[in-house]
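Single-letter residue listing:
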Amino acid sequence: MTAHARSSRSVNPFKQPKAVFAVAFACVVSFMGIGLVDPILPAISEQLDATPSQVALLFTSYLVVTAVAMLITNWVSSRIGAKRTLIAGLALIVVFAALAGTSGSIGGIVGFRAGWGIGNALFIATSLAVIVASASGGFVGAIILYETALGVGIAVGPLLGGLLGNVSWRGPFYGVAVLMAIALVATVVLVEPIPLPARKTGLSEPLRALRHRGLLTMSLTALCYNWAFFTVLGYAPFPMGLGAIQLGLVFTGWGALVAVFAVFGAPRLQARLGIARTLYASLALFALTVLAIAIWTNNRTVLIVCVIVAGVFIGVNNTVTTQAVMTVAPVDRAVASAAYGFVRFIGGGLAPFAAGKLVEAFGIHVPFYIGAGALVLGIVILSTAHGLLKEAEKVQAEQVDPTANPAPEPVPWADAAASLVPVEHDAVVPGDAGRGAIVAAVDGSPNAERVTEAAGRLATINGRTVHVVHAEESAVAGDAATGADDLESARIAVRKHLDRLAALGIPAVGHVLRNATGHGEVGRLVAEHAERTGARAIVVGAPTHGGLSALMDASAGQALMRHATCDVVLINPRSADLGAAA
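Residues numbered from 1 in each chain as written. Predicted model: local features only at pLDDT ≥ 70, side-chain atom pairs only at ≥ 80, totals over all residues. Heavy atoms only, no water.

Colleague: Is there a simple way to think about the overall build of the protein in this case?
Modeller: Secondary structure summary: the protein contains 24 helices and six strands in total. Taking all 582 residues of the protein together, the buried fraction comes to 60%. Within the protein, residue pairs in contact and separated by at least 24 positions form 85% of the contacts whose partners lie at least 6 positions apart. A total of about 20800 Å² of accessible surface is found on the protein, and carbon and sulfur atoms cover 64% of it. (Helix = DSSP H or I, 4+ residues; strand = E, 2+ residues; numbered from the N terminus. Buried < 20%, exposed > 50% of the residue type's maximum accessible area, 1.4 Å probe, protein only. Contact = heavy atoms within 4.5 Å. Areas by Shrake-Rupley, 256 points an atom, 1.4 Å probe, with all protein chains shown as cover.)

Next up, the structure:
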């Protein structure tokens, strides 16, 4: 079995807590805003006496403002918290969508769409981080769920726009306001508050993150395909010459293919071809499709078919590129998401307006030729990161199936031993090392020693064995690779804890948790290990650092409490009385 074939297997991404589905539903409605205006662009142009390039500003103001606002999302969320950031973003969308519906001029709608874009940025960046942090089944499943929401939103948006737009061009704006208000209520009720991080994120962190070659390369590739994507989305409705409902059906077909291939097609293609070849093939076929649109722009049948087929390649690109970005980025995933969103939405925002101006100056075919050229440029840019894509593919394969890197002899009682690498140690361990054990979940923080000491005291009181489980930092943080050096470093750290326990005469075994595809999954895997071994208690430290790491730590704690079937002991790093804690 190949590494990329293994990487396609994961648990069901749709088995999630209610809070995740609340955020996902809000994502669906949020992404409706992208395709919502397509069916009503000609009607707005006619009724408000606006040129196509002026109407295209509905996309440009929305997406460019979204892109720029992405840069402040982490700064905001690290100060008011993830849940409040989600709520603020949703509230802004509700207000500005409703105001756009009341507007009487093209300038007013463009301005309100810009305000809508601010709310969209606050919501999108934070929602991806929350879903990745909170979803069951790991990082890849969370990305698939997120891209599913994107695809469904893009698919339903044009249909809603067509149905409501057939009554009035104002209808789609009011419709989004109502649906987003429902999503707002669901978020308030179902999403649990997340503690503020200890460290506040700086305004410049997303831009500084783009200094990392892998993140910048993938972001520029996304800019190129988003240029073609939004050229098609923003300008193709005009030469079609269809009514609102007909346009809605065309773009619903397009969006349905985006959703289907984001969820089902992309993983299968990646399993067969790998990340790099999947992206090369998808971008090349998308370029040929846009080239066909450029050549036969005035042929309605060809234009409609090509627009719908383009959804296949956009769906594949969205899922595979987003997964690759989150894997190769050597920074917090929220920062990576903001940096990536900034670059990709800049391309998406400028393309429709540029298309309108190019048509006015050079003719209807030119913007589509440029869109095809942008995709070829994206392939060239992507080719400079071929090695990074191979590393991303390897990491994703290890996250789903760690037999990609054979581990030492598996733990005898673990039916999911692939997630645990045993650590050899000279200490004598009782024959029944599992039943009634005390699990010490440690990391590389200074608080880890206090966790081990507290677990040791509990084990002494109850005559138990301590299981030291170390979550490998690089795997959790989404680094581009988790190699043998990282594993050996983790083993050394575990042996230090085992030495400490052995000196106290406490029997212990150690493991390195390698397949943590997100901090939320760390909590779940630790809880499952404790349940398999019949553990009496799990001892864990409180979050000690900020940024997305604190959000992820909070997610790990929530997942641990949700899945644990034994007592959980939280060690406060500021507590002076360790004995009392034990």
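Colleague: Explain a nonpolar patch on the surface here, please?
Modeller: Taken together, the side chains of Leu-285, Leu-288, Leu-291, Ile-295, Trp-296 and Tyr-369 present a nonpolar region at the surface, about 560 Å² in accessible area. Of the residues forming the nonpolar patch, the biggest block, four residues, is contributed by helix α14 (residues 275-295). Inspection of the secondary structure assignment puts Leu-285 in helix α14. Of the residues examined, Leu-285 reaches a relative accessible area of 41% and is grouped as partly exposed. (Patch = residues over 30% accessible without salt bridge, like charges linked within 9 Å, V, L, I, M, F, W, Y side chains within 5 Å. Salt bridge = Lys/Arg side-chain N within 4 Å of Asp/Glu carboxyl O.)

Colleague: I would appreciate a short explanation of the pairing of strand β4 (residues 508-513) in the present structure.
Modeller: Regular strands place side chains that alternate from one sheet face to the opposite one. In terms of residue burial, β4 counts as a mostly covered element, since six of its six residues are buried. The alternating pattern of β4 places Ala-508, Gly-510 and Val-512 and Val-509, His-511 and Leu-513 on opposite faces, both of which are buried. The pairing of strand β3 (residues 466-471) with β4 spans six bridges and is classified as parallel. Bridged to His-467 within β4 is Val-509. (Pairing = 2+ DSSP bridges.)

Colleague: How do you make sense of the pattern of salt bridges when you look at a structure like this?
Modeller: Proximity of charged atoms lets side chains of opposite charge pair with each other. Applying the stated criterion to the full structure yields four salt bridges. One salt bridge in this structure joins Glu-453 and Arg-457, with 3.5 Å as the shortest N-O distance. Of the two residues, Glu-453 and Arg-457 both sit in helix α19 (residues 448-462), four residues apart, roughly one turn of that helix. Classification of Glu-453 as partly exposed rests on a relative accessible area of 24%. Glu-453 serves as the salt-bridge partner of Arg-500, at 3.4 Å between the closest nitrogen and oxygen. Highlighted residues: Arg-500 in helix α21 (residues 484-503) and Glu-453 in helix α19, separated in sequence by 47 residues. Residues joined by salt bridges that share partners form a network here, namely Glu-449, Glu-453, Arg-457 and Arg-500.

Colleague: Would you explain the environment of His-467 in this entry?
Modeller: Along the chain, His-467 turns up in strand β3. On a C-alpha basis, the gap between His-467 and Gly-510 in space is 5.7 Å, while along the polypeptide they are 43 residues apart.

Colleague: How do you make sense of the packing of α14 against helix α17 (residues 366-383) when you look at a structure like this?
Modeller: When two helices pack together, their arrangement is given by the angle between the helix axes and the distance between those axes. Orientation of α14 relative to α17, taken along the N-to-C sense of each, is 165°, at an axis distance of 7 Å. One finds that α14 runs roughly antiparallel with respect to α17. Where α14 crosses over α17, the two elements pack in a sense that is left-handed. On α17, the residues touching Leu-279, Tyr-280, Leu-283, Ala-284, Phe-286, Ala-287, Val-290, Leu-291, Ile-293, Ala-294 and Ile-295 of α14 are Phe-368, Tyr-369, Gly-371, Ala-372, Leu-375, Val-376, Gly-378, Ile-379, Leu-382 and Ser-383. (Axes fitted to C-alpha atoms, helices over the stretch in contact; angles between N-to-C directions. Parallel < 35°, antiparallel > 145°, perpendicular 65-115°, else oblique. Left-handed = near helix turned anticlockwise from the far one by under 90°.)

Colleague: Sorry if this is basic, but what is going on with the confidence of the model for the protein here?
Modeller: Segments scoring low in pLDDT should not have their predicted coordinates read at a detailed level. Averaged over all residues, the pLDDT of the protein equals 76, while 74% of them reach at least 70. At the level of individual helices and strands, the protein shows its lowest average pLDDT in helix α20 (residues 473-477), which scores 39, and its highest in α17, which scores 93. Ignoring residues within four places in sequence, the model shows residues 399-419, a span with pLDDT below 50, making 48 contacts including any to other chains. Of the regions scoring below 50 in pLDDT, residues 576-582 engages in eleven contacts with residues more than four places distant in sequence or in other chains. (pLDDT = per-residue confidence, 0-100.)

Colleague: I tried to follow the nonpolar core on my own but got confused; where do I start?
Modeller: What tends to happen in soluble globular proteins is that the nonpolar side chains get buried as a cluster. In this structure, Phe-173, Met-240, Phe-251, Trp-254 and Val-307 are the most contacted members of the largest nonpolar core, which totals 117 residues. Examining the composition of this core, we find that twelve residues originate from one element, helix α15 (residues 300-328), more than from any other. With residues up to four places along the chain from it excluded, the contact list for Val-307 reads Val-232, Ala-236, Met-240, Val-250, Phe-251, Trp-254 and Ile-293. (Core = buried A, V, L, I, M, F, W, Y, C linked by side-chain atoms within 4.5 Å.)

Colleague: Sorry if this is basic, but what is going on with the environment of Trp-116 here?
Modeller: Position of Trp-116 relative to the elements: it lies in helix α7 (residues 106-134). For Trp-116, a relative accessible area of 0% puts it in the buried group. Sequence separation of Trp-116 and Leu-90 is 26 residues, and the distance between their C-alpha atoms is 9.3 Å.

Colleague: Even after reading the chapter, I still don't get the packing of aromatic side chains, so can you show me in this structure?
Modeller: Aromatic ring pairs are defined here through the distance separating the ring centres and the angle between the ring planes. Throughout the structure, instances matching the rule amount to nine aromatic pairs. Here Tyr-62 and Trp-116 contribute two aromatic rings whose centre-to-centre distance is 5.8 Å and whose plane-to-plane angle is 80°, an arrangement assigned as edge-to-face. Taken together, the positions of Tyr-62 in helix α5 (residues 57-80) and Trp-116 in helix α7 put the pair 54 residues apart, joining distant regions of the chain. For the pair shown, Tyr-62 and Trp-116 are each scored as buried. Taking 5.6 Å as the distance between ring centres and 50° as the angle between the ring planes, the aromatic pair formed by Phe-229 and Trp-254 counts as tilted. On the criterion of sequence distance, the pair formed by Phe-229 in helix α11 (residues 213-235) and Trp-254 in helix α13 (residues 244-273) is long-range, its members being 25 residues apart. The burial state of Phe-229 is the same as that of Trp-254; both residues are buried. In textbook terms, an aromatic cluster arises when at least three aromatic residues are bridged by ring pairs, as seen for Tyr-62, Trp-116, Trp-169 and Phe-173. The ring of Phe-345 carries the charged tip of Arg-344 above its face, separated from the ring centre by 5.4 Å. (Phe/Tyr/Trp six-rings, centres within 6.5 Å; stacked < 30°, edge-to-face > 60°. Lys NZ or Arg CZ within 6 Å of the ring centre and 35° of its normal.)

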